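Below are the chains, spelled out letter by letter.
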Amino acid sequence: MNNTDLCEGETCEGQLHGEGVVCFEGGHVYKGMFSMGLMDGLGVFTWADGLKYEGDFVCNMPLGHGTYTWPDGSSYKGEVYNGVRHGTGTYKCTKNGVSYRGQWHQSKRHGKGIVYYNQDKTNWYKGDWVKNNREGWGVRCYPSGNIYSGEWKNNLRNGEGTMKWLKLGQQYFGQWQDEVQHGRGTQVWILRRMDGSQYCQSNQYIGDFVRGQRHGKGSFYYAGGAIYEGEWKNNKKHGHGKFTFKDGNIFEGEFVHDQMMIPNLSGNRAPTPHGAFPMPGKDQSILGPDMSVNIECLLEKIPERKRDAERKQVEFVLLRHNKELKSIYSFYSRLGHARSADNTFLLSRMQLWRLLKDCNIHHHGITLTQLDLYIREDATPAEIHSPFTPMLLRRLLSCLVVVAYHIYHKDMVSERYLLAACSSKLLTDDILPNAKIVKGFLFKQPECSAVVSVNYLKKCWEVYQAYCRVSAAPRDDCTVTCRHLLWMFKELHLLDNKLTTAKLLEIITAESRDPGNLSACLDLEITFLEFFEALLGCAEVKCQQVSEGLEESLSPSSTEAEATRSFPKEEAREKTLQTTDSPPQTAGRSSNTPELSTAQHVESQQNTRHQKSQSAEHTGAGQSIQTRHMEAKDCDLWIQKIHQFFIHFFFPAFDNHLLVTSNMKEEKLRQEAQRRIALAKAQQRARLKVHWEADE
């Protein structure tokens, strides 16, 4: 070997071959394996400045697996190619506590990897890298605890992403540019309730952002129920907009710096506080602003000359059932909520699905996911099937008219007013007779469903999205089918001798038009409500044994129960003994029994009725206490079963599946890297062999 001061070790044909040590000019040292005078195999190379490499060598070149150790204690352990970090490896810096584990390319972080910026591992990034820069998709956890997950470019948040500001109670998901919100997005401000409730309310903005500010067109949903839809400038309502108050009243007009502008007596426009707004003059809709429907998509199917008359007839149909429709809206918007101070809520898409299923709309050869597409309006692909989308009463009415058309338009084609006829038939045949008769697993116990909604809904929504598949063109939404649901249960190993495939299909088809035809539902798309209720049904089957263990602990003591049962009976019997003389004599007179006087007879009857009334009151009170106790016990048992299923079965199985899938991908990448290294070694040896043969 050239440029060496000292060579020691095993030799073959005058060249180092086997173990040996070489000291190079300048103070560099190699100790390890040799092959025909070349460093080849395991060895340690120490540079004069203290840098050390320990690992595989191929033909004098570090190549394969090895460890670099710098004089300050920093280290790299992993794959090496031609002397540089290349492949998969881990770098640790002792100066600042930074560490990186992942893929490398030509000594730069490139590919998938995770970097920790402190020793506590509370400040990190996990995701894609391009030449030492965060670029692609990744998750960033900041020292404050704030988390961003989404797209990156040149180390900056760019593209689609979600940011959570934990201490501020805010969340944004949408488009980013150079670290700030820019483009279309949604920002949520979570507000803690002041009445001691465990639930949170939130303000929500959906619309355009420019350089981190609400700017352009957007809608703001206030926690109290009010809504603003219109133009924004520098975080303020500015331009044309529509403000819908909590009570349904509407102001539509010009806004300047967050204030409504209305004409004053002089004809000029002046700012008006939100609490006061002008009464409308001639309103286009006879229903009023809170019930005016948006059915433009359907009116386009009607000849233009008939559109105004058609709209009026639809409004007349809705007006006839005004009271019932408002009551239905109020009823379903409360499902899944605990009582609030004002007890008013906005209807969500989840509750709309429940209303439609209760009214058997899905029995008309149409799925709820198809209905979501019909009532899509301007929703993004991610929002089309979101269970959390809020809607006002007028949006519900618009939905019902659209649903009515798609179900009945072929049957009503001969009617003079097609949309009105369809709407009338839907309301009279489907909605009004069946609404408020709640079915399914989620809302069947109102006092329990609020607990379930808070604890498990969001996590299950993440699972649902994980199993969504993009629909075939021209659709752009993502959905889950019953077949996907079956695959999920098999993948997560949740099926057993109790929860069989047949039982799962039975749960899924429980509300279908033909529950006995299990195979017909496999390719049907299901909404998140149907997905979640299927999980609740499986929980009742899989965790049935929970009820057996809790029956005894939740039941009242035998002494207390016996006292509750016997008290009304004993008191009634005692009072009966006190009055046994008079009633028989009045009821069954005989010729040899003297009659009681009229006064005595009346008094006796009054006493008897009073005593019976007291006895009935005590008996009714005891039964009411027992009924309430049984209802509370049933609710506790149901919650315990649901809790065990999600916490001990479903969520751990899903998390484990994600981990296994991730590990499999990493293993595949590792095997691919090993294959590349082996190929590189073979190529290096082949080139060296050709070189030797040429020299000979």
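Residues numbered from 1 in each chain as written. Predicted model: local features only at pLDDT ≥ 70, side-chain atom pairs only at ≥ 80, totals over all residues. Heavy atoms only, no water.

Colleague: How would you explain the overall build of the protein if you had to name every residue and give the values?
Modeller: What the protein contains, in helices and strands, is 15 helices and 28 strands. Going through the 696 residues of the protein one by one, you find that 42% of them count as buried. Partitioning the contacts of the protein with sequence separation of at least 6, the portion at a separation of at least 24 is 38%. Carbon and sulfur atoms form 51% of the exposed surface of the protein, whose accessible area is close to 37,600 Å². (Helix = DSSP H or I, 4+ residues; strand = E, 2+ residues; numbered from the N terminus. Buried < 20%, exposed > 50% of the residue type's maximum accessible area, 1.4 Å probe, protein only. Contact = heavy atoms within 4.5 Å. Areas by Shrake-Rupley, 256 points an atom, 1.4 Å probe, with all protein chains shown as cover.)

Colleague: Can you tell me about the sheet that holds strand E26 (residues 469-470), naming the residues and giving the values?
Modeller: Spatial strand order, E26-E27-E28: 3 strands in an open sheet with antiparallel pairing. The open sheet terminates on both sides in strands that have one partner only, identified here as E26 and strand E28 (525-526). Relative to strand E27 (residues 478-481), E26 runs antiparallel, the two sharing 2 bridges. Paired with Val470 across the bridge in E27 is Cys478. On the sheet, helix H9 (residues 482-491) packs against E26, E27 and E28 and is oriented at approximately 70° with respect to E27. (Pairing = 2+ DSSP bridges. Axes fitted to C-alpha atoms, helices over the stretch in contact; angles between N-to-C directions.)

Colleague: How would you summarise the packing of helix H3 (residues 322-333) against helix H6 (residues 393-408) if you had to cite specific residues and measurements?
Modeller: Running from N to C, H3 and H6 point in directions that differ by 110°, and their axes come no closer than 11 Å. The angle between the axes of H3 and H6 places the two elements in the roughly perpendicular class. In terms of crossing hand, the pair formed by H3 and H6 is right-handed. Side by side, H3 and H6 meet where Leu325, Lys326 and Tyr329 of the first sit next to Leu393, Leu396, Leu397 and Leu400 of the second. When the residues that make up the contact of H3 with H6 are grouped by side-chain class, the tally is 6 nonpolar, no polar and 1 charged. (Parallel < 35°, antiparallel > 145°, perpendicular 65-115°, else oblique. Left-handed = near helix turned anticlockwise from the far one by under 90°. Nonpolar A, V, L, I, M, F, W, Y, C, P; charged D, E, K, R; others polar.)

Colleague: Describe in detail a positive patch on the surface, supporting the description with residues and values.
Modeller: Side chains of Lys77, Lys92, Arg101, Lys121 and Lys126 sit close together on the surface and give a patch of like positive charge. Of note, Lys92 is situated in strand E8 (residues 84-92). (Patch = residues over 30% accessible without salt bridge, like charges linked within 9 Å, V, L, I, M, F, W, Y side chains within 5 Å. Salt bridge = Lys/Arg side-chain N within 4 Å of Asp/Glu carboxyl O. Lys, Arg positive; Asp, Glu negative; His and termini not counted. Charge placed at Lys NZ, Arg CZ, Asp CG, Glu CD.)

Colleague: Outline the nonpolar core, listing residues and values.
Modeller: Met488, Phe528, Phe532, Leu535, Phe646 and Phe650 are the most contacted members of the largest nonpolar core, which has 93 residues in total. For this core, the element with the most residues is H6, which contributes 12 residues. Not counting chain neighbours up to four residues away, the residues in contact with Leu535 comprise Cys460, Met488, Phe489, Phe645, Phe646 and Phe650. (Core = buried A, V, L, I, M, F, W, Y, C linked by side-chain atoms within 4.5 Å.)

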